[in-house]
Amino acid sequence: MEPPPSREPKLSVWIVTLNRQIHRDEYAICAKYIEERAQQKAKKYKDHSEAFRYVMGSLLPSLVMRNQNNGLSPHKWYIKATSSGKEYLHTVADSKVLGFSTGWAESAVAIAYSYGRKSQIVNIGIDIMHLTLPRDVSAGKYVEAFAHKLTQNEDALLDRRMKDDVILRRLCILLTLKTAYIKALGQPTGFDYGRIDCDIPQEIIKVDGKVLNGWEFRLFKANLGVIRKGLLIEEAYQCTTAMYRGWEKTVFVWEEDQKETARWLDFIPIDLVLSSLSPKSLESKASTS
């Protein structure tokens, strides 16, 4: 279903592709440009790759803001948060703000964002899942690992008699829908997924038994080419964005046409990000309020 025509702020997505091994000196370069509290949190990750994904996710909002504002100095914007904890970037030079959400999995770090009035763009969420099963694990067993996040109606959509790839895609659609919505609200990670019931065939979402209205959910699959052990392989990811639009009903937008997604989706190689992190292009870290 297409979203209603409107002059609503445009939702855009960047996906940074980690299409090769990341070296420790490259990690250090990126970490240098994020705020101190994010640096300290990154150090708590035991896995180097996961730590780098967190660092990149922390860096992306400032990179987007610089691109959005034609190089506006980082001294001119601040990270703020709503009463529920939903973060956004505020600039002292403009009444508009940057609403954003980040997410990552394996070789992809994504940010969904929109620039406009706070009331229109602050509730944005994105989630991404690698469309692959753990080694020697069937789709049915994989679903069981997420049973606590699924309602009875949702579990019925995951008929174990279907092919593994169909079950996996459906599971990832359900989970990314829920997570993107939770992120858009600024809710903590402990939010009860069981409160959200997604009827995918009817494109209806209920929260605590009530139909959810006013939201746009954009669902798409991203295919990335990455180097693993010297070989180029393709990885597939399920991505979902959530944005509160204030419309009369909730809209699902299933993006399958690459020409259409190219209007709002950009894939950015990690090498391009690293090349932008020079003393001239990023002079200091974003400030916080």
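Scope of this entry: the structure provided in the associated data block. Since the structure is predicted, the reported quantities are computational estimates derived from the model, not experimental observations.

Spatially, the three strands line up as an open sheet ordered β7-β8-β9, and their pairing is antiparallel. Looking at which strands have only one partner, the edges of the open sheet turn out to be β7 (196-199) and β9 (210-211). Across four bridges, β7 lies against strand β8 (residues 204-207) in antiparallel orientation. Bridge pairing links aspartate 197 to lysine 206 in β8. Across the sheet, helix α7 (residues 164-185) lies against β7 and β8, angled at about 135° from β7, the strand it touches most.

Attention now goes to the side chain of serine 107. Here serine 107 lies in the loop between β4 (97-105) and β5 (108-116). Looking at serine 107, its side chain comes within polar contact range of the side chain of glutamate 235, at 2.8 Å. Not counting residues up to four positions away in its chain, the partners in contact with serine 107 are Val16, Thr17, Leu18, Leu224, Val226, Arg228, Glu235 and Tyr237.

Between its first and last C-alpha, α7 extends 32 Å over 22 residues, near the 32 Å set by a 1.5 Å rise per residue. Downstream of α7 by a residue or two, glycine 186 has a phi angle that is positive, lying close to 80°.

The next subject is the pattern of salt bridges. Evaluated as defined, the whole model comprises 14 salt bridges. Note that lysine 178 is salt-bridged to glutamate 154, the shortest N-O span being 2.7 Å. One end of the pair, lysine 178, is in helix α7; the other, glutamate 154, is in helix α6 (residues 152-157), with 24 residues separating them in the sequence. The shortest N-O distance in the salt bridge between arginine 160 and aspartate 155 comes to 3.0 Å. A cluster of three or more residues bridged by salt bridges with shared partners is formed by Arg20, Glu26 and Asp271.

The pairing of strand β6 (residues 124-130) with strand β11 (residues 231-244) spans seven bridges and is antiparallel. Within β11, the residue paired with isoleucine 126 across the bridge is threonine 241. Two elements, strand β10 (residues 215-228) and β11, share 14 bridges in a ladder whose sense is antiparallel. Among the inter-strand pairings, arginine 228 is bridged to a residue of β11, identified as leucine 231. Hairpin connection from β10 to β11: two residues lie between these consecutive antiparallel strands, with lysine 229 at a positive phi of about 55°.

Cut-offs applied
Residues numbered from 1 in each chain as written. Predicted model: local features only at pLDDT ≥ 70, side-chain atom pairs only at ≥ 80, totals over all residues. Heavy atoms only, no water. Pairing = 2+ DSSP bridges. Helix = DSSP H or I, 4+ residues; strand = E, 2+ residues; numbered from the N terminus. Contact = heavy atoms within 4.5 Å. Axes fitted to C-alpha atoms, helices over the stretch in contact; angles between N-to-C directions. Polar contact = N/O pair within 3.5 Å; in protein donor to acceptor, adjacent residues only side chain to side chain. Expected span 1.5 Å × (residues − 1). Salt bridge = Lys/Arg side-chain N within 4 Å of Asp/Glu carboxyl O.

Shape descriptors only; they carry no functional weight alone.
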